[in-house]
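Okay, here's what each chain looks like letter by letter:
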Amino acid sequence: MHSQVPATLLLALALTAQAGPRPADAQEGMKQQPPVTPALSERIKDVPAIEAASVAGLKPGTILFTDHRDDPAKPESGLVPYLDWGKLRPGERAALAPHPAYTEPDYVQTLNGVAKRRHETLKVYVAQGRFVVAKAPERIDLSAYATLGFVAKMDPVIKHKALNPTDATPNKDPAAAFAKRPDRPWCEAGTTCIESRYDLEGKLPLGVKLANRLEDGATKKIAEFVAFQSELRTLPPAEIAALGNLTKIDTPVTGGLEQTIFWVNQILRFGKFLAVFQPMPGDPTKTVVTTYMALAIKADVLDRKQEYARVPVLKNLLPAQVLMGNSSFNTGTSISAGLPTYARNRMIAFADALAKN
């Protein structure tokens, strides 16, 4: 769930067209969304807002879902500027930012020996899900899900290993000071510290090689993988009390599980997966689980259309189309499929794990 680079992975995604379809075919492909798999269409019920959707009669296994994409055909539908996010949905931002005091990054960048201060603008993709588990909250042991082994099962193509807290990048690198927590170090005692790697799928590694050729001489090359560091923990009682205001369900919050991506090598700046547990209204033998996935994208990743004008096959390609899963080059069920598909599959996997254990 973090990342970013110049020329960007999204250019790499686009350049796969040079080894794939003809330009006309590629441009036509951009006008269509990838087909929804039967598993997704049967399990996911799209709603305008999960807070307004009733959980009465919601069958176990079905997930209410929204990612605020009012017009999925528009490349940036569902993306909201970070500052606007705080104004439109302040409670959501407080819960889903890396920490409540988080601000857009300010740091010093050195290019050709010249140091310049830089402010980084972010846009946020937020997906929300809600489902019912046929067991009471007290029967769900959240500590069993706050483990490296559990995270590894959620998306097998992403590889994970334990990370020593002293090796967490914001904890040790002065250049990453903007990503530190102001109140404590990342991965303090009682949390699980994880280092993850996702190798790009399909034609994307070839696209990375082509993009790096175009950027010959650049000091920083595009990686053929997304690497990120995260902290996984169960939330203490003091932090779960206010989450009922977020879910808008009128029963006490009994628990919360949170994975925060605080460092990424490219594409994203932060990410968070949050699950909130509450007794089902009118039936305490069942649990309502509300899940959230927030992913913050560097805005400059989305503003590269002019750079592509010099490459004929890219003239009608917006980077946001690839990132939001609207490209014929999206592939698989993980990050390479685009953020909406990735979020849906992560929520399905989590719902299935809770139902089985």
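Above this text is the structure in question.
Here the structure is a predicted model, which means the values were calculated and not measured.

A closer look at the overall build of the chain
Each helix and strand counted, the chain has 13 helices and 12 strands in total. Relative to its 357 residues, the chain shows a buried fraction of 54%. Accessible area for the chain stands at about 15,900 Å²; split by element, carbon and sulfur atoms hold 54% of it.

Quick look at unusual backbone geometry
We note that His-68 has phi near 60 degrees; this positive angle belongs to a residue other than glycine. Structurally, His-68 is set in the loop between strand S2 (63-66) and strand S3 (79-81).

With respect to the state of the cysteines
Applying the stated criterion to the full structure yields one disulfide. Through a disulfide, Cys-187 is tied to Cys-193; the S-S separation comes to 2.1 Å. Taking the sign of the torsion about the S-S bond as the criterion, the disulfide between Cys-187 and Cys-193, at about 70 degrees, is right-handed. Overall, Cys-193 belongs to the buried group, its relative accessible area being 8%.

Thoughts on the pairing of strand S5 (residues 114-119)
For S5, the buried fraction is low: zero of the six residues fall into the buried class. As paired strands, strand S4 (residues 106-111) and S5 are joined by six bridges and run antiparallel to one another. Note on S5: the bridge partner recorded for Thr-110 is Ala-115. The loop that links S4 with its antiparallel partner S5 comprises two residues; one of these, Asn-112, has a positive phi angle of about 55 degrees.

About the cut-offs
Residues numbered from 1 in each chain as written. Predicted model: local features only at pLDDT ≥ 70, side-chain atom pairs only at ≥ 80, totals over all residues. Heavy atoms only, no water. Helix = DSSP H or I, 4+ residues; strand = E, 2+ residues; numbered from the N terminus. Buried < 20%, exposed > 50% of the residue type's maximum accessible area, 1.4 Å probe, protein only. Areas by Shrake-Rupley, 256 points an atom, 1.4 Å probe, with all protein chains shown as cover. Disulfide = S-S within 2.5 Å. Pairing = 2+ DSSP bridges.

Geometry only, nothing functional implied.
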